[in-house]
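Coordinate inspection notes
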Amino acid sequence: RVLRGRVWVRMQEQPSSIIHIVDSKPEDTVFHRGTVLAIGPGAFSKGGVPVELPITVGDVVGFHFEGTQKGREAPWTDGKTALCLAQRELDCVFE
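Residues numbered from 1 in each chain as written. Predicted model: local features only at pLDDT ≥ 70, side-chain atom pairs only at ≥ 80, totals over all residues. Heavy atoms only, no water.

1. Details of the pairing of strand E2 (residues 32-39)
As judged from the five bridges shared by strand E1 (residues 6-11) and E2, these two strands associate in the antiparallel manner. Bridge pairing links Arg 10 to Thr 35 in E2. Alignment of E2 against strand E5 (residues 60-63), held across four bridges, turns out to be antiparallel. The partner of Thr 35 across the bridge, within E5, is Val 60. (Pairing = 2+ DSSP bridges. Helix = DSSP H or I, 4+ residues; strand = E, 2+ residues; numbered from the N terminus.)

Okay, here's the thing in structure tokens:
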């Protein structure tokens, strides 16, 4: 079961572009692309309302890391590596 506000993604091998996200930390500036494997219930807003994501399993999403990638990887059910992201780290859905 995936926890609230979390999304499991399989990252594509290469960063998808050279788009930079403005932030003070260099590790936050690379934009990545990956496929959604699982989605937890939406995170709560400051007002206590759940904020559901408009994504489904299989969608290709763009994301960045708040902090580092280290410690986020774990083997998925198929034995391949997957990443656990916070909902706020997702930037877009590719259609």
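2. What about the packing of aromatic side chains?
For the structure on display, the rule yields three aromatic pairs. Look at Trp 8 and Trp 76: their rings are 5.4 Å apart centre to centre, the planes differ by 40°, and that puts the pair in the tilted class. Here Trp 8, found in strand E1, pairs with Trp 76, found in the loop between strand E6 (73-75) and strand E7 (81-86); they are 68 residues apart in sequence, far enough to count as distant. Assessed through its relative accessible area of 24%, Trp 76 is described here as partly exposed. An angle of 75° between the planes, with centres 6.3 Å apart, marks the rings of Phe 31 and Phe 94 as edge-to-face. Linking Phe 31 in the loop between E1 and E2 with Phe 94 in strand E8 (residues 90-94), this pair joins segments that are 63 residues apart in sequence. (Phe/Tyr/Trp six-rings, centres within 6.5 Å; stacked < 30°, edge-to-face > 60°. Buried < 20%, exposed > 50% of the residue type's maximum accessible area, 1.4 Å probe, protein only.)

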